Amino acid sequence: MESGKYGIDGSSTQPGIKGFKAADIEVELVQESAEKPDPNRLVFGTVFSDHMLMIHWSSARGWERPQIKPMQNLSLHPAVSALHYAVELFEGLKAYRGVDNKIRLFRPMLNMERMLRSARRACLPSFDPNELLECIKKLVAIDREWVPYSKSASLYIRPVLIGTEPSLGVKVATRALLYVILSPVGPYFSTGSFSPVSLWADPKYVRAWKGGTGDCKVGGNYGASLTAQSEAVTAGCQQVLWLYGEEHYVTEAGTMNLFIYWINEHGEEELVTPPLDGVILPGVVRQSILDLTRKWDQFKVDERSVTMNELVRAIQQKRVKELFGSGTACVVCPIGRILYKGENLHIPTSENGLKLASQILENLTDTQYGKEASDWTCLVI
Ligand SMILES: *Cc1c(COP(=O)(O)O)cnc(C)c1O
């Protein structure tokens, strides 16, 4: 990475303020490692590994030395801006134990760079994404026994950056804390095969808007989505299909990007996903599906807006082959039903055996678990 890209000394928001370096990490190990859970019984995000990474920042001193410490509670002033005004952001990626027993990350620089964009949006300090990735690799290497010995489980990595300004003023934080915690997670589809989800599509709630924060992984987006999610459940659906604008553009499904594989109105076979126009979170899996299918060159691949009317018409005319969400948690998740304006729209999920979704899942997991060599993965250890 060329120097200067992330600030004068390669790492800070303000010229002359100190960045952090993975080479400076201080390590304090636990006395005794906790017992590892059975990967098949894990509930997402409830079990944590032995250690965490912590890096403190202040506008006066810049970044402190990174520390790897036993997993522990934080001690925060009750006024910190993360708690009052959601001055915070997060990331989500995974470490996979490969068939060769080596531990890999999947395109982690995309997460690091997205985290940096979120930090800028929240007026939180910048950092050198390469150094953060190196710190994360050290943390995962120390807790390597927490990466499940399983072809379908993994170790979820949750980097967080919070404003720790101890003041009720709505202002740019002069103190911050970057930390990373690790959580072993089981297979997304516990049955071992796809189970299609149902979506509730109602324009009453909006996830993101142009000029807003929907394209960044900032906490406020997710807390604010819970009302819609619980109404979806009340309506008998599993997740929300987020619509946007008068035209009811389809945007995302729950916290997944959305893909439509269909015969479009011009009779062309096409995979389409909404464009990164400000209301879409730029998913790593979304990008990977676009890169992969463009390389396959078997059908048209497009990033463009699709309205609910277009989708309804295509479903009625039986032109929709597959509809699925994408994200790190599931890779791909087929959608079987949409409840829109009181009507259930059924998307075929059995006739064609979800061919495209299966192909994508197989290809990406083969890469993640080291069955297929790829420059999309990097070794931790
Ligand atoms: C994290 C996230 C995604 C998926 O991103 P990946 O990098 O592919 O895991 C999609 N939509 C939203 C709203 C998200 O928060």
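Residues numbered from 1 in each chain as written. Predicted model: local features only at pLDDT ≥ 70, side-chain atom pairs only at ≥ 80, totals over all residues. Heavy atoms only, no water.

**Q** Give me the lowdown on the site of the ligand, citing residues and values where you can.
**A** Taken together, 14 residues lie around the ligand, and Lys217, Tyr222, Glu252, Val284 and Thr328 are the ones closest in. Between the ligand and the protein, one listed contact pairs a nitrogen atom with a side-chain N or O atom of glutamate 252 at 2.5 Å. Within the complex, 95% of the 390 Å² of free accessible area of the ligand lies under protein. Here the ligand occupies the largest pocket. Here the residues of the shell around the ligand sort into five nonpolar, five polar and four charged. (Near = heavy atom within 4 Å. Polar contact = N/O pair within 3.5 Å; in protein donor to acceptor, adjacent residues only side chain to side chain. Areas by Shrake-Rupley, 256 points an atom, 1.4 Å probe, with all protein chains shown as cover. 1 Å grid on protein atoms, 1.4 Å probe; cavity = no way out; pocket = protein on both sides within 12 Å on 5 of 7 lines; lining within 4 Å. Sits in = over half its atoms within 2 Å of the grid points. Nonpolar A, V, L, I, M, F, W, Y, C, P; charged D, E, K, R; others polar.)

**Q** I'd like a rundown of the packing of aromatic side chains, residues and numbers included.
**A** In the structure shown here, the tally under the stated rule is 10 aromatic pairs. Taking 5.1 Å as the distance between ring centres and 80 degrees as the angle between the ring planes, the aromatic pair formed by phenylalanine 20 and tryptophan 63 counts as edge-to-face. Highlighted residues: phenylalanine 20 in the segment before strand S1 (26–27) and tryptophan 63 in strand S3 (residues 62–63), separated in sequence by 43 residues. Taken individually, phenylalanine 20 and tryptophan 63 each receive the classification buried, so the pair is uniform in this respect. (Phe/Tyr/Trp six-rings, centres within 6.5 Å; stacked < 30°, edge-to-face > 60°. Helix = DSSP H or I, 4+ residues; strand = E, 2+ residues; numbered from the N terminus. Buried < 20%, exposed > 50% of the residue type's maximum accessible area, 1.4 Å probe, protein only.)

**Q** How would you sum up unusual backbone geometry? Please name residues and give values.
**A** Positive phi, normally seen in glycine, also occurs at histidine 248, with a value near 55 degrees. By secondary structure assignment, the location of histidine 248 is in the loop between strand S11 (239–244) and strand S12 (249–253). We classify histidine 248 as buried; its relative accessible area is 15%. In this model, lysine 318 sits at a positive phi of 55 degrees, which is unusual for a non-glycine residue. Within the secondary structure, lysine 318 sits in the loop between helix H7 (308–316) and strand S16 (320–327). Taking the relative accessible area as the measure of exposure, lysine 318 reaches 75% and is therefore exposed.

**Q** Describe the domain arrangement of the chain, naming the residues involved and giving the relevant values.
**A** On domain assignment, one finds that the chain holds domain 1 (22–186) and domain 2 (197–376). A separation of 28 Å is found between the C-alpha centroids of domain 1 and domain 2. Taken together, the contact pairs 27 residues of domain 1 with 25 residues of domain 2. When the area that domain 1 buries against domain 2 is broken down by residue, the three leading residues are Phe106, Arg107 and Arg114, summing to 30%. Remark: the boundary between domain 1 and domain 2 carries one salt bridge. The salt bridge involving aspartate 291 is made with arginine 107; its shortest N-O contact spans 3.1 Å. Along the contact surface separating domain 1 from domain 2 lie 14 residue pairs in polar contact (both at pLDDT 80 or more). Counting residues per element, the ones that place at least two in the side of domain 1 that touches domain 2 are strand S5 (88–90), strand S6 (93–97), strand S7 (103–106) and helix H2 (108–121). (Domains from an automatic or database assignment. Contact = heavy atoms within 4.5 Å. Buried area = accessible area lost by both parts, 1.4 Å probe. Salt bridge = Lys/Arg side-chain N within 4 Å of Asp/Glu carboxyl O.)

**Q** Give a description of empty space enclosed by the protein that names residues and reports values.
**A** Remark: the empty space left among the atoms is shown by a probe the size of a water molecule rolled over them. Within the structure shown, the criterion is met by one cavity of 30 Å³ or more. Considered as a void within the structure, the largest cavity measures approximately 70 Å³ in volume. Around the largest cavity, the lining residues are Gly92, Leu93, Lys94, Tyr96, Phe106, Asn111, Val284, Val285, Thr328 and Gln368. In terms of residue count, the dominant contributor to the lining of the largest cavity is S6 (three residues). Taken together, the residues of the lining of the largest cavity sort by class into five nonpolar, four polar and one charged. (Points joined across faces, edges and corners; volume = space filled by probe spheres on them.)

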